[in-house]
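Observations on the model geometry
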Amino acid sequence: MEEYPEELRTPPVSLVALFGYSELQASITKHLHSQQPPINALAFPDLSHISLLLAHDDQISQASSFRDPLSVSDSSPPVPSRCGGILKRDWLLKHRTKVPALVAAFFPSHHIFGDPNQWLQVCSDLDSLKSVIRPKNIKLVVVVVQSSPHEELSEDRLVALRKRAELDSKYVLFFNSSIDSELSVSLSRIASAFAELALAYYKEEGRRIKSRVERRSSNSPDLNVRYCFKVAVYAEFRRDWGEALKFYEDAYHSLHEMIGASTRLPAIQRLVEIKTIAEQLHFKISTLLLHGGKLIEAVTWFHQHKASYEKVVGSTEFIFLHWDWMSRQFLVFAELLETSSATVQSFSSLNQETADISLTEFEFYPAYYFQLACHYLKDKKCALELLLSTSETAQEIDSCSESITPSLYVGQFAQLCETREEKGESLTLHSITDEEYTRFTISEAKRFQDSFEIIAWLKRSYESFTNLKSRRMAALCAFEVAREYFDLADPNNAKFFFNIAASLYRQEGWVTLLWEVLGYLRECSRNLGALKDFVELSLEMVTLPVTSYDDSGNSRNKNYGPGGPATFSRRESIHREIFTLVCREAELLSSTGGSGFKLATDSPLHLEIDLVSPLRPVLLASVAFHEQIIKPHAMCSITISLLSHLPIPVEIDHLEVQFNQSTCNFVIRNSQRPLWASSSNTVESGSQVENEPSLVLVPNNWLRLTYAINSEQSGKLECLSVLAKLGPLFTISSRAESPAAMEDLSLWKHENRVESLPTKDPVLAVFGQKATQVDEPEPQVDVSLGASGPALVGEDFTMPIVVTSKGHAVYNGELKINLVDVGGGGLFSPRETEPFSLESHHVEICGIDGAEGNDESESETGNIKKIQQSFGLVSVPDLKEGESWTCKLEIKWHRPKPVMLFVSLGYLPHGSEANTQKVHIHKSLQIEGKMPLLISNRFMLPYRRDHLLLNRIKPAPDSEDMSSLPLNEKSVLVVSAKNCSEIALKLVSMSIKFDDEQGETSCLIQQGGDSPSSANLAPGEEFKKVFTVIPTTRTSKLGLGSVHLKWRRQGGNITEACVSTKHKLPEVNVEASPLVMSLNCPPYAILGEPFTCAVRICNQTQLLQEAKFAMADAQSFVLSGSHSNTVSVLPKSEHVLSYKLVPLTCGEQQLPKITLTSVRYSAEFQPSAVASSVFVFPSAPHAEKANSAAK
Amino acid sequence: MIVCVAVVGHQNNPLYIQSFTDADDALKLHHIVHCSLDVIEERVNNPKKSGTTLNEAFLGLLYPTVNYKVYGYLTNTKVKFILVTTDLDVRDTDVRSFFRKFHAAYVDAVSNPFHVPGKKITSRTFAQTVSNIVGSYGLN
């Protein structure tokens, strides 16, 4: 695009000329520039420069040997020998920079309104100006520059001025620069007048030419094109894009009609001219369309342009001219598309239409056009090369024809000759013949470096396609770039781009394309002298799934790359070439010069093949162990299967199989081959060597080898790689793969071929692994856990651990102890959902005691002892064979809970040798933690004394289960402890202790009776102890302290410390009772004998208490006394209800039931059934008699 | 004139590619077929952008290149058929009917119990059918 002149590339801008007042011109020019649309201005200091205006044009027309048909006269026939052209080269430039649309003459006001002499000068200036501009229809503006706004103006002079200038009053302007506000007004006035007049000028000019176009019949086609072009340019000046487009298209079409019709120039040059103009017109049209946002129209237009000129080849001998032209069309359109904002503007808006017009996605991408431009440029290059190679004359051409230059007309060339005429020396242009022209173009083309252009454009295209995520187009561009570099003998750059293409073709399995690229890459590495790359690329090519036997095509055909045709025979020949190169015998070294490599004797070549390498088909190693777990020192079978896709069978000298345990590495030798002196460095000299009668890799056939190996080391045994040695210096190392996890070869998997399994055993072929597990040696040390029954909560449970050596000595022994909750922490009953985090360890390890006897050795070894709540680590002293060591583990349970104890011992059986491995023994034991004693308590109120405890009647909401005790009354507390374990326990003591001092002051607790403080408790037995409690403070929550129980296992060591268990007593509610009812009754009664029973109602309040009572009859008694009544009990006094009763039946009898109702508290209470019963003897008991008798 | 037809697998690997010109063009046609996969990918990924409805297997003109036009067809199993022609003025119906016949031939070929899905098509019958279809292209 840059090769087009500036005036063609940018939209035209109106031009004006300013005369006089150079000090004002700068600001006016600036203002005009800033207008929308802008106006360019030519500035001349005064009117004496008037002759400069248009002078250039006249000079050219005079100096040129051509006649300008436009400037002189259209009617005069062109001189036949000096034929014209279609467009003049400088016409557009002239109108852009030389010919103004209007002339503005600036006069100071005093020149006009002052001195008559000056006025006359003004008049003559105007006359001369008019004489220059009139013939060209250039507009005139007169600007009167005032020095102050209040200057006096003479109306007469003004009218005279207008008359003299033949101007309308609105084109005689006043300009006042003295005041800023006036200045801006004047400037804008000037600008609008200029714009208006310029528009009028271009419109008139356009109309004038258009009228000539309309007289089409009388015009020659040349002129028609020219007129259309001019009308379009004038329309562009007016920014009338629609008309501009229309006339450019008209010009384009009439131009197209001229092909074959015009006879003006010699044939070749004629076509060149037409094509050059077509190119410019096309450029204008495309630009206008793209700037108008009409992307689809632009693309469609381009296609029409391409289609209509594609076949206009011209002379086939010089077809390179055509290709050059075509290439330029694509390039320019690509650049236009790239720079145009229309492409940025969303492409999606066009979608609906694209379907109709059948444009495809690519046709909107500049990259597509760049790529095609390269294609044509390459055609041009080829055509030129062909021309230069065939025609001798073309070869001789050098820059002899420098005198040929572009002529006055677009697309024409002429010879510049110095001629001497009478006037003096001058340069004249002579038209040239086609032969001269072609000589000129060939010499020009020779100077031109097409390859660099091609590379630059293709790179642009490559980047653009990469950004568009069109990977395949990008790969093609990369391939083309690389090929161009290859032709330029730049193997480094070529390699880079070939690799880009190769990686995509490899990935997608386009074998033919890959073959081609690899052929080039191989050649690049040969040129670079990179032997390893060369071998790798050759091997990759050789193993491509190319199975075509069609060798009919000539391998010399230029359409093939350096790799030759993709056929099986070609694969074979590359194979032979490469194997004679790498597997050469020492004495044959000198004869390998043919391949272009110089090889030193001591330079071994080693290839690594991993899982992603493209060389995998060269040597695929599948390794399977027959066992998943093997015993140490035991033989285990291993199958090594090798597959190769090389086209010709290959014999291997020896194979090395490498494992992660290097002692297991072994060698498989081909017994037909001599033993190479050079031994490998991966396999130790003393290792296993197997011999095979032959090691030949047949294409597409597994070579299966099965051997037995053994490992001494426990742990994982994995086969890492298989190394094949082919010849003295060439090794290939292939990563071992498990048959179970082996992926198909990416390029071969789409081929139709017989597939066989890597191993004969189909199970192994599907599930075989390249790694196996070697077991540890059997431990010969015993660890015993001497547990004795269940553990009890609270005690320090001791667990003796005995380590006994039975054949192995123990070195660096370490004992790991772990406590694990059997339930896994999840087996909590819903009641136990109390905060788990607070007491996260219901069971913990308290300590580990070393064996008593081994104290010294323990201190010597500097025992590690790490104890955490559920984890312990103890080091075991070194033990000789037969020795044993004991330690005691103390575990404490806080909650009844079963736990699992894991003990593992790790030791070295053979001292501190570095390579031996630790042997591990694991033991586990489940231990139940149990509750030893179940403690319960019970409160008892005084016998036959009932207190009205209001809390019982109307319980407070928060004290449901709380027992209530009367204030200052002696209540009885019974504490019982039941042995709920299966072990006999000895209870040492039981006592109640207050938790705080407040309890001691508010309550008095005494041991009741003289029950024994210690007792033996068999499983299930219960021990009870009685306490009396006298609460002395009224409180709703009285803490009674806790029961402290000391116990130990029965029959155990007496010195053993007692275990103390604490049981918290519940809190009680203490309140004063307003009424107390006590029943006074003899301890027993005798049948038929009357006795007295009294019910005392005691009012303990300061208030009068009214009490209702009701006595129910009982069958076994005869009762005297009031049955029911209401009594009033005075404050702090008693009321006694007395009854006489005669028992009628013997035995335990229920007394008549009395019910008391307190009116004030509306509470009813009865004495309990136990308390209101009495035993009736049939007669007076003898015991008493005996007793009295004894007295 | 049809110069090349191709069957491309769903991993964009070539399953069958046959050119019907002189042997020299084969490589160029391979490149053209391979590049056309980019267009198919774009059409499939941006169905809205490309205006064509995806309910249809026929993808239409993929792209014009120097002397060729490339047409595409996508089966339900994501196997692509690609047609390269030198005709400048191509009737849509011709191409559609070609692809329909070609699809039928393909279905016959892969229905062969000895054909392993995903492998290259080496059936001679298929090759014969394809060359018949190519020969009869544009005649009616």
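Here the residue index of a chain counts from 1 through its sequence in written order. All chains are assigned letters beginning with A, and all ligands numbers beginning with 1, in the order in which they are written. Only residues with pLDDT of at least 70 get local features here, since the model is predicted, and only at 80 or more are side-chain atom pairs given and counted; chain-wide, interface and lining totals rely on the full set of residues. Side-chain metrics in this entry use all non-hydrogen atoms of the structure; hydrogen atoms and water are not considered.

Per an unreviewed UniProt entry, the recorded name for chain B is Trafficking protein particle complex subunit 2-like protein, and the organism is Arabidopsis thaliana. UniProt positions are given in the numbering used here, feature names are shortened, and annotations may be inferred rather than shown by experiment. We quote the UniProt Sequence similarities (unreviewed entry) comment for chain B here in full: "Belongs to the TRAPP small subunits family. Sedlin subfamily."

As recorded in an unreviewed UniProt entry, chain A goes by Trafficking protein particle complex subunit 11-like isoform X1 and comes from Camelina sativa.

When you go through chain A residue by residue, the secondary structure sums to 29 helices and 53 strands. A simple rule labels every residue: compare its accessible area, found with a 1.4 Å probe on the protein chains alone, to the largest value its type can have, and call it buried under 20%, exposed over 50%, or partly exposed in between. Here chain A holds 1191 residues, and the buried ones make up 48% of them. Contacts are assigned to residue pairs with any non-hydrogen atoms lying within 4.5 Å of each other. Long-range contacts, defined as pairs at least 24 residues apart, comprise 74% of the intrachain contacts of chain A with a sequence gap of at least 6. Accessible area for chain A stands at about 56,600 Å²; split by element, carbon and sulfur atoms hold 52% of it. Runs of H or I in DSSP of at least four residues are treated as helices and runs of E of at least two as strands, each being numbered from the N terminus. Calculation of accessible area relied on Shrake-Rupley with a 1.4 Å probe; when residues are assessed, cover is drawn exclusively from the protein chains displayed.

Once that is clear, we can look at the interface of chain B and chain A. Often, the extent of an interface is quoted as the loss of accessible area on bringing the components together. At the junction of the two partners, chain B supplies 32 residues and chain A supplies 37 residues. Once two parts are brought into contact, the accessible area they lose, counted with a 1.4 Å probe and summed over both, makes up the buried area. Of the roughly 3,400 Å² buried at the junction of chain B and chain A (both faces included), carbon and sulfur atoms supply 54%. Each reported salt bridge corresponds to a side-chain nitrogen of Lys or Arg within 4 Å of a carboxyl oxygen of Asp or Glu. Connecting chain B to chain A are three salt bridges. A salt bridge links A:Arg472 to B:Glu41; the nearest nitrogen and oxygen atoms lie 3.1 Å apart. For the side of chain B that touches chain A, the secondary-structure elements that each account for two or more residues are strand E2 (14–19), helix H1 (26–45) and strand E3 (58–64) of chain B. No other element matches the 12 residues that H1(B) contributes to the side of chain B that touches chain A. Under the scheme applied here, ten amino acids are nonpolar (Ala, Val, Leu, Ile, Met, Phe, Trp, Tyr, Cys and Pro), four are charged (Asp, Glu, Lys and Arg), and all others, including Gly, are polar. Partitioned by chemical class, the residues of the side of chain B that touches chain A number 13 nonpolar, 10 polar and nine charged.

Residue and element names in this part refer to chain A. Under the convention used throughout, the expected extent of a helix is 1.5 Å for every residue step, that is, one less than its residue count. For helix H11 (residues 267–291), which comprises 25 residues, the first-to-last C-alpha distance of 36 Å matches the rise-based estimate of 36 Å (1.5 Å per residue) to within 8%. Here H11 lies mainly inside the structure; 22 of its 25 residues are buried. Of the residues flanking the end of H11, it is Gly293, one or two places downstream, whose phi is positive at about 80°.

Here we take up the packing of aromatic side chains. For Phe, Tyr and Trp, where Trp contributes only its six-membered ring, two rings pair if their centres lie within 6.5 Å, and the inter-plane angle classes them as stacked under 30 degrees, edge-to-face over 60, or tilted in between. This model, assessed by the stated rule, comprises 45 aromatic pairs over all chains. Judged by centre distance (6.5 Å) and plane angle (35°), the ring pair of A:Tyr234 and A:Phe237 falls under tilted. Placement of the pair is A:Tyr234 and A:Phe237 together in helix H9 (residues 221–237), with a separation of three residues, close to one helical turn. For the pair shown, A:Tyr234 and A:Phe237 are each scored as buried. Ring centres 5.4 Å apart and planes at 50° place the aromatic pair A:Tyr309 and A:Trp325 in the tilted group. Note that A:Tyr309 is positioned in helix H12 (residues 295–310) and A:Trp325 in helix H13 (residues 319–339), a separation of 16 residues in sequence. Judged by its relative accessible area of 0%, A:Tyr309 falls in the buried class. Each residue in the set B:Tyr16, B:Phe58, B:Tyr71, B:Tyr73, B:Phe81, B:Phe98, B:Phe99, B:Phe102, B:Tyr106, B:Phe126 and B:Tyr137 is aromatic and connected to the rest through ring pairs, giving one cluster. Between A:Lys246 and the ring centre of A:Phe247, over which it is positioned, the NZ or CZ distance is 4.2 Å. Any Lys NZ or Arg CZ found within 6 Å of a ring centre and within 35 degrees of that ring's normal is scored as a charge over the ring.

Remark on secondary structure: sheet strands pair via backbone hydrogen bonds, oriented parallel or antiparallel. All names here are of chain A. With antiparallel pairing, four strands are arranged side by side in an open sheet as E38-E36-E40-E41. Every other strand in the sheet has two partners, leaving strand E38 (1015–1017) and strand E41 (1059–1064) as the edge strands with one partner each. Taken pair by pair, the neighbouring strands of this sheet meet at an average axis angle of 35°, ignoring direction. A pair of strands counts as paired when DSSP detects no fewer than two bridges linking them. As judged from the eight bridges shared by strand E36 (residues 985–993) and strand E40 (residues 1042–1049), these two strands associate in the antiparallel manner. Residue pairing for E40: Leu987 is matched across the bridge by Trp1047. Fitted lines through C-alpha atoms give the axes, limited to the stretch in contact for helices. The angle between two N-to-C directions lies from 0 to 180 degrees.

With that settled, consider the pattern of salt bridges. Residue and element names in this part refer to chain A. Taken as a whole and assessed by the stated rule, the structure comprises 34 salt bridges over all chains. The closest approach of N and O atoms between Glu480 and Arg483, which form a salt bridge, is 3.7 Å. Placement of both Glu480 and Arg483 in helix H20 (residues 471–487) is noted, with a separation of three residues, approximately one turn of the helix. A salt bridge links Lys923 to Asp782; the nearest nitrogen and oxygen atoms lie 3.5 Å apart.

The next subject is the packing of H20(A) against helix H22 (residues 511–528) of chain A. Residues and elements named next belong to chain A. Across the interface, H20 lies against H22 with an axial gap of 11 Å and an inter-helix angle of 35°. Considering only the axes of H20 and H22, their crossing is left-handed. Here H20 contributes Phe479, Arg483 and Phe486 to the contact with H22, which in turn contributes Glu516, Val517, Tyr520, Glu523, Cys524 and Asn527. Residue classes in the contact of H20 with H22 are distributed as five nonpolar, one polar and three charged. Less than a right angle of anticlockwise turn of the near helix away from the far helix marks a crossing as left-handed, whereas a clockwise turn marks it as right-handed.

We now examine a nonpolar patch on the surface. Where nonpolar side chains cluster on the molecular surface, the patch consists of A:Val763, A:Val766 and A:Phe767 and spans about 310 Å² of accessible area. With respect to the helices and strands, A:Phe767 occurs in helix H25 (residues 762–767). To count toward a patch, a residue needs a relative accessible area over 30% and no salt bridge; like charges are then connected within 9 Å, while nonpolar side chains (Val, Leu, Ile, Met, Phe, Trp, Tyr) are connected within 5 Å.

So, on to the environment of A:Leu539. All names here are of chain A. Note on placement: Leu539 falls in helix H23 (residues 531–542). Remark: the alpha-carbon pair of Leu539 and Arg571, spanning 32 residues in sequence, is separated by 9.3 Å. Dropping the residues within four chain positions of it, Leu539 is found in contact with Ile578, Phe579, Leu607, Leu615, Val618, Leu646 and Phe730.

It is worth spelling out the sheet that holds strand E37 (residues 1003–1007) of chain A at this point. All names here are of chain A. One open sheet accounts for four strands, arranged E32-E35-E39-E37; its pairing is antiparallel. Of all the strands in the sheet, the pair left with one neighbour each is strand E32 (933–940) and E37. The mean angle between the axes of side-by-side strands here comes to 25°, regardless of whether they run parallel or antiparallel.

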